[in-house]
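Structure at a glance
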Amino acid sequence: MTPYERTHLSRSRTAGAFPFPELRPCIDYAICEFAGELRDAMLRDERTGDRRNNDKAHSQRAELGDAFYMLLSACIQADHKPQLGKAEAMPPRQRCNVIVRLLAHAADAADDIEQFGPAEDNLAVLHDALDGAYTHMVALCVGWYDWRPSDVVEEACQKFERKHAASQEGAQ
């Protein structure tokens, strides 16, 4: 099962209790998870001498999983299975900046689609940006962390399912 398919299954399993945002909010959440939460966890490891609120665990792996989950959720909402391209070698911080820019391009394309409809040009920009962000996130996952993206996505899906599918069952 691909990470896209696994996320789709997770969204089905949590559908009654975990709202599935529209395309643009999914991208916005991917930006928050990646640019905010993951980068925060990275800074915590890089700058251990800084004064920080350390009252909760900050796992880079979990945050990257959440970012993948929301990016793949956006792909589902766009009815677009992401295509893995070739990612050139670059330092991890630079790759992170590329990912944030690509997610921002995807968000802009989603705005255009909401305002003007799914014109072929808007869809091409959206799909290219989603594919690029996915490609670079996979490259970061594999090249920097030496993690399998499918494992990282699986862990995120399980976390959301434990939290939301269980609350769905309790409500019935």
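The preceding data block contains the structure.
All of these numbers come straight from a predicted model, not from anything done at the bench.

1. Points about helix H5 (residues 120–144)
- Here H5 is 25 residues long and its end C-alpha atoms lie 35 Å apart, about the 36 Å a rise of 1.5 Å per residue gives.
- Positive backbone phi, at 65°, marks Asp-146, one or two positions downstream of H5.

2. Describing the packing of aromatic side chains
- Enumeration according to the criterion identifies 5 aromatic pairs in this entry.
- For the pair Phe-68 and Tyr-134, a centre-to-centre distance of 6.1 Å together with 75° between the ring planes defines the contact as edge-to-face. Within this pair, whereas Phe-68 is found in helix H3 (residues 60–77), its partner Tyr-134 is found in helix H5, the two being separated by 66 residues in sequence. The residues Phe-68 and Tyr-134 share a single accessibility class, namely buried.
- Ring geometry for Tyr-145 against Trp-147: centres 4.1 Å apart, planes inclined by 5°, an arrangement best described as stacked. By the burial criterion, Tyr-145 is buried, and Trp-147 matches it.
- Chaining the aromatic ring pairs together yields one cluster made of Phe-18, Tyr-69 and Phe-160.
- The ring of Trp-147 has Arg-61 sitting right over it, with the charged end atom 5.1 Å from the ring centre.

Calculation criteria
- In this convention, every chain numbers its residues from 1, walking through the sequence in written order.
- This being a predicted model, a pLDDT of at least 70 is required before a residue's local features are given, and a value of 80 or more before pairs of side-chain atoms are given or counted; all residues contribute to the totals for chains, interfaces and linings.
- Hydrogens are left out, water is left out, and the side-chain values use all remaining heavy atoms of the structure.
- We count a stretch as a helix when DSSP gives it H or I for four or more residues in a row; a strand needs E for two or more, and each element gets its number in order from the N terminus.
- What a helix is expected to span follows from its residue count: subtract one and scale by 1.5 Å.
- Pairing of aromatic rings covers Phe, Tyr and the six-membered ring of Trp, with a centre-to-centre limit of 6.5 Å; geometry is then stacked below 30 degrees between planes, edge-to-face above 60, and tilted otherwise.
- Remark: exposure states derive from per-residue accessible area (1.4 Å probe, protein chains only) relative to the maximum for the residue type, with buried under 20%, exposed over 50%, and partly exposed in between.
- Only Lys NZ and Arg CZ are tested; either one counts as a charge over a ring when it is within 6 Å of the ring centre and within 35 degrees of the ring normal.

Honestly, that's just the spatial picture; any functional story needs more than this.
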